[in-house]
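Structural overview
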Amino acid sequence: MFRYIVRRLLQGVLTFFGATFVVYCLMFAGGGDPIQALAGEKPVTAQQRAALTEQFHLDDNFFARYLYFLKDFFTGNLKSYTGRDVFENVGSALQLTGKIALIAIIFTIVVGVTLGIVAALRRGGIFDTSSLILTLVVIGIPSIVLAPLAQYLFGIQWKIFPVNYTFEKPFVSLILPGLVLGTLSLATAMRLTRASFFDNLRADYVRTATSKGLTRFRVVGVHVLRNSLIPIITFLGVELGNLMGGAIITEGVFNIPGIGGQLYKAIGLDDGPTVITFVSLLVVIYIVANLVVDLLYAVLDPRIRYE
Amino acid sequence: MNEHLLEVDNLFIEFHTRDGVSKVINGVSYHLNAGETLAVLGESGSGKSVTAQAIMGILDMPPGKITRGRILYRGRDLLTMSKEERRKVRGEEIAMVFQDALSSLNPVFTVGNQISETLRKRKGMSKADAMKRAVELMDQVKIPGAKERVKDYPHQFSGGMRQRVMIAMSLAMDPKVLIADEPTTALDVTVQAQIMDLLAELRRDLNMAMILITHDLGVVADVADRIAVMYAGRIVEHADVHALYKNPAHPYTKGLLESIPRLDAKGTELATIKGLPPNLLRPPTGCAFHPRCKYAQDICVTTTPPLLDLGGGRTSACHFAKELLDGRI
Ligand SMILES: Nc1ncnc2c1ncn2[C@@H]1O[C@H](COP(=O)(O)OP(=O)(O)OP(=O)(O)O)[C@@H](O)[C@H]1O
Ligand code: SF4
Ligand SMILES: [Mg+2]
């Protein structure tokens with residue numbers, strides 16, 4: 001087990017360098033003039049240009065610049081072209097996106113998993129059928145439609161939640177975006193739960209547990225649940241990583257300066273250091289989330305052994 | 001007539017499937033007295049397991065449906081009991097061992113946890129006491145190193161050991177009746193014999209009654225007192241083990257006996273029963289065995305043979321049972 005973790009961590013390190021290098025290439029291979037982009041329409045004096053070129057090593061070769069970036073990334077010293085400390089943005093963005101993702105996941109667990117269990121227990125009933133159709137509809141709506149719709153209905157029309165994210169109400173104004181984000185994984189979570197639960201309800205060991213004279217509550221609540229949760233927890237772990245990285249549209253609509261929102265802005269500004277830093281962090285989040293999920297899998301299912 | 005410990009009385013079960021109604025059990029009756037072993041024999045699909053599931057109350061309903069009959073345990077009908085009463089019979093009065101121990105055990109709990117579960121949840125034993133008892137039970141079914149292995153998971157055991165875990169688990173509540181549904185089918189031949197010996201020994205030591213379900217006539221001779229032979233959801237012959245071996249009173253039993261490999265008849269070709277088991281969605285008219293029976297006459301196609309009482313607790317559902325017994329055909 002220990003050796004497996006070490007191996008996975010080493011793999012993760014390689015993945016990190018590989019992924020960040022690719023992004024670095026993509027970001028700077030396109031050419032363009034970041035200094036001019038920064039200044040907009042205004043002319044840039046030769047003096048300013050020389051200073052910025054020096055500061056950001058723009059004259060060095062590509063590899064050297066990647067290494068400079070790595071050094072700054074790990075020492076937490078990164079400056080964006082506007083001179084701002086990149087990590088200052090990153091910290092608050094991570095927090096915001098993390099909160100939204102957490103709200104989304106909790107919503108998914110509480111509603112999606114519960115509904116999935118009920119649907120599996122009453123398979124073929126009205127509840128099951130109607131919730132299946134509903135999830136189909138929800139899966140079909142892209143967030144580019146769902147987010148503004150929810151914003152209009154709950155924010156503007158019924159005034160249940162704030163329309164946009166505000167600093168004054170840091171939690172309440174994140175609820176609606178969190179729910180919108182969660183709706184997408186909710187449908188998948190419900191279907192997965194239903195399928196997993198239903199398969200396990202028919203398993204031979206359930207018959208054994210019943211024939212031991214255990215109550216239905218214990219058979220379902222302990223034997224079936226424990227087995228059904230394995231794929232669900234795995235899904236939720238991966239999904240948490242996805243939600244962290246995939247909230248661009250939702251954050252855009254609700255005007256949230258989270259990772260998605262800032263990344264979007266930085267790309268528009270051609271702000272290389274910021275883009276690379278955000279993407280690198282997302283890579284780290286994915287790697288860690290996947291490792292945690294794999295380890296969790298081994299904890300949940302004793303048949304899984306990592307060598 | 002004295003009361004039997006367990007009695008299945010004229011049971012009818014059908015399954016409602018997409019293709020229609022499958023009449024799986026068609027008037028099965030058998031009984032079991034305290035401390036004795038009844039072997040239920042028959043080829044795949046004859047309804048052995050479904051009958052056992054009906055006794056245990058673990059039949060899938062739907063699609064299954066019990067349309068007629070009674071299942072009496074100590075004179076009380078299990079089929080009309082409340083759910084809660086029925087649950088208490090399971091495990092404590094009647095326990096069951098299943099065919100495939102790997103899929104029948106829960107993969108994510110230790111064997112100790114599963115063996116001791118009923119003791120904790122139904123008898124209110126403490127965790128430590130229940131675990132101690134689990135080790136004793138594992139010793140009793142001769143699992144080597146029980147104390148160390150009690151914390152292992154089912155997949156860490158060999159097939160034979162897993163079946164022993166299953167048996168230990170079924171014994172936890174001291175049941176009066178043990179139903180073993182093909183407990184050795186998934187195992188190697190040598191291991192099969194060991195498990196059969198263990199079951200026979202346990203039954204004797206614990207004075208349980210046992211229903212041994214199998215499709216292998218060879219394994220039951222040493223273990224069972226009586227045999228009930230099933231075909232297409234009916235008991236076609238019921239007899240004392242020795243009487244049945246010596247002289248079968250039904251052509252199907254005779255065919256089964258002829259298909260057992262014998263040491264003294266090495267080299268001769270094994271007889272097998274020709275043809276396929278009947279389709280229960282459209283069962284044959286008359287005697288369900290007639291398309292495969294070499295003694296079949298016109299009456300077999302038109303008339304269902306009644307269960308003939310041949311005396312001495314012996315019955316046969318064949319129009320020509322007496323002739324067969326007397327060696328006239
Ligand atoms: N859940 C079910 N749904 C539909 N049909 C079923 C179901 N369970 C059993 N049957 C049918 O009932 C019949 C009897 O099955 P059963 O399992 O009792 O056979 P068996 O005698 O135990 O055979 P085997 O030796 O293969 O275990 C079969 O034709 C089977 O297809
Ligand atoms: S009743 Fe006829 S077909 Fe059926 S077993 Fe007897 S002889 Fe064969
Ligand atoms: Mg069976």
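Because the structure is predicted, anything quoted here is derived from the model rather than measured.

Thresholds, definitions, all that
- Residues numbered from 1 in each chain as written.
- Chains lettered and ligands numbered in written order.
- Predicted model: local features only at pLDDT ≥ 70, side-chain atom pairs only at ≥ 80, totals over all residues.
- Heavy atoms only, no water.
- Salt bridge = Lys/Arg side-chain N within 4 Å of Asp/Glu carboxyl O.
- Helix = DSSP H or I, 4+ residues; strand = E, 2+ residues; numbered from the N terminus.
- Buried < 20%, exposed > 50% of the residue type's maximum accessible area, 1.4 Å probe, protein only.
- Near = heavy atom within 4 Å.
- 1 Å grid on protein atoms, 1.4 Å probe; cavity = no way out; pocket = protein on both sides within 12 Å on 5 of 7 lines; lining within 4 Å.
- Sits in = over half its atoms within 2 Å of the grid points.
- Nonpolar A, V, L, I, M, F, W, Y, C, P; charged D, E, K, R; others polar.
- Core = buried A, V, L, I, M, F, W, Y, C linked by side-chain atoms within 4.5 Å.
- Contact = heavy atoms within 4.5 Å.
- Pairing = 2+ DSSP bridges.
- pLDDT = per-residue confidence, 0-100.
- Points joined across faces, edges and corners; volume = space filled by probe spheres on them.
- Axes fitted to C-alpha atoms, helices over the stretch in contact; angles between N-to-C directions.

Points about the pattern of salt bridges
In this structure the tally under the stated criterion is 18 salt bridges over all chains. Between E36(B) and R226(B) there is a salt bridge; the shortest N-O distance is 2.3 Å. Within this pair, whereas E36(B) is found in the loop between β2 (20–32) and β3 (37–41), its partner R226(B) is found in strand β9 (residues 226–231), the two being separated by 190 residues in sequence. R226(B) shares its class with E36(B); the two are buried. In this structure, K48(B) and E182(B) form a salt bridge, with 3.8 Å as the shortest nitrogen-oxygen distance. With K48(B) in helix α1 (residues 48–56) and E182(B) in the loop between β7 (177–181) and α8 (189–206), this pair connects stretches of sequence that are 134 residues apart. E182(B) carries the same exposure label as K48(B), and that label is buried. Salt bridges linked by common partners bring K212(A), R218(A) and E117(B) together as one network.

Looking at the site of ligand 2
Residue and element names in this part refer to chain B. Among the 13 residues in the neighbourhood of ligand 2, the closest are listed as C287, C293, C300, C318 and H319. When each cavity is represented as a set of grid points, ligand 2 is found to reside in the second largest cavity. In terms of residue class, the shell around ligand 2 is built from ten nonpolar, three polar and no charged.

Description of the nonpolar core
Counting 103 residues, the largest nonpolar core has I94(B) and I179(B) as the members making the most contacts within it. If sequence neighbours within four positions are ignored, I94(B) has contacts with L6(B), I55(B), M56(B), Y73(B), L78(B), V89(B), P175(B), V177(B) and I179(B). A120(A), L174(A), L201(A) and M244(A) belong to the second largest nonpolar core, which has 39 residues in total.

So, the pairing of β3(B)
Residues and elements named next belong to chain B. Of all the five residues making up β3, five are buried; the element is thus mostly covered by neighbouring parts of the structure. In β3, alternate side chains face the same way, and those of T37, A39 and L41 on one face and L38 and V40 on the other are all buried. Bridge count for β3 against strand β8 (residues 209–214) is five bridges, and the pairing is parallel. Across the sheet, the residue bridging to V40 is I213, located in β8. Alignment of β3 against β9, held across four bridges, turns out to be parallel. From the neighbouring strand, L38 faces β9, where its bridge partner is R226.

A few points about the confidence of the model for chain B
Averaged over every residue, the pLDDT of chain B is 87; residues scoring 70 or more account for 96%. This prediction of the complex comes with two scores: 0.80 for pTM and 0.87 for ipTM.

Considerations on the layout of surface pockets
As a volume, the largest pocket reaches approximately 1400 Å³. Around the largest pocket, the lining is made up of 35 residues, and of these R216(A), I58(B), L59(B), D60(B) and M61(B) lie nearest the centre. Broken down by secondary-structure element, the contributors of at least two residues to the lining of the largest pocket are α5 (86–121), α8 (172–201), α9 (204–211) and α10 (216–245) of chain A together with α2 (83–89) of chain B. Class assignment for the residues of the lining of the largest pocket results in 19 nonpolar, four polar and twelve charged. In this structure, the second largest pocket occupies an estimated 380 Å³ of space. For the second largest pocket, the lining is made up of 19 residues, of which S29(B), Y30(B), H31(B), L307(B) and T315(B) are closest to its centre. Counting residues per element, the ones that place at least two in the lining of the second largest pocket are β1 (6–17), β2, β10 (234–240) and β12 (314–316) of chain B. Here the lining of the second largest pocket gets five residues from one element, more than from any other, and that element is β2(B). A breakdown of the residues in the lining of the second largest pocket according to their chemical character gives six nonpolar, eight polar and five charged.

Here we look at the sheet that holds β3(B)
Residue and element names in this part refer to chain B. Read from one edge of the open sheet, eight strands run β6-β7-β8-β3-β9-β10-β12-β11, paired in mixed fashion. Edge positions in the sheet fall to β6 (94–97) and β11 (308–311), since each has one partner strand and no second. Direction aside, neighbouring strands of the sheet carry axes that sit 20 degrees apart on average. Sheet topology note: the β10/β12 ladder contains two bridges and is antiparallel. By the bridge assignment, E237 is partnered in β12 with S316. Sheet contacts for helix α7 (residues 159–171): β6 and β7; angle to β6, the most-contacted strand, approximately 175 degrees. Against the sheet, α8 engages β3, β7 and β8, with an angle of about 160 degrees to β8.

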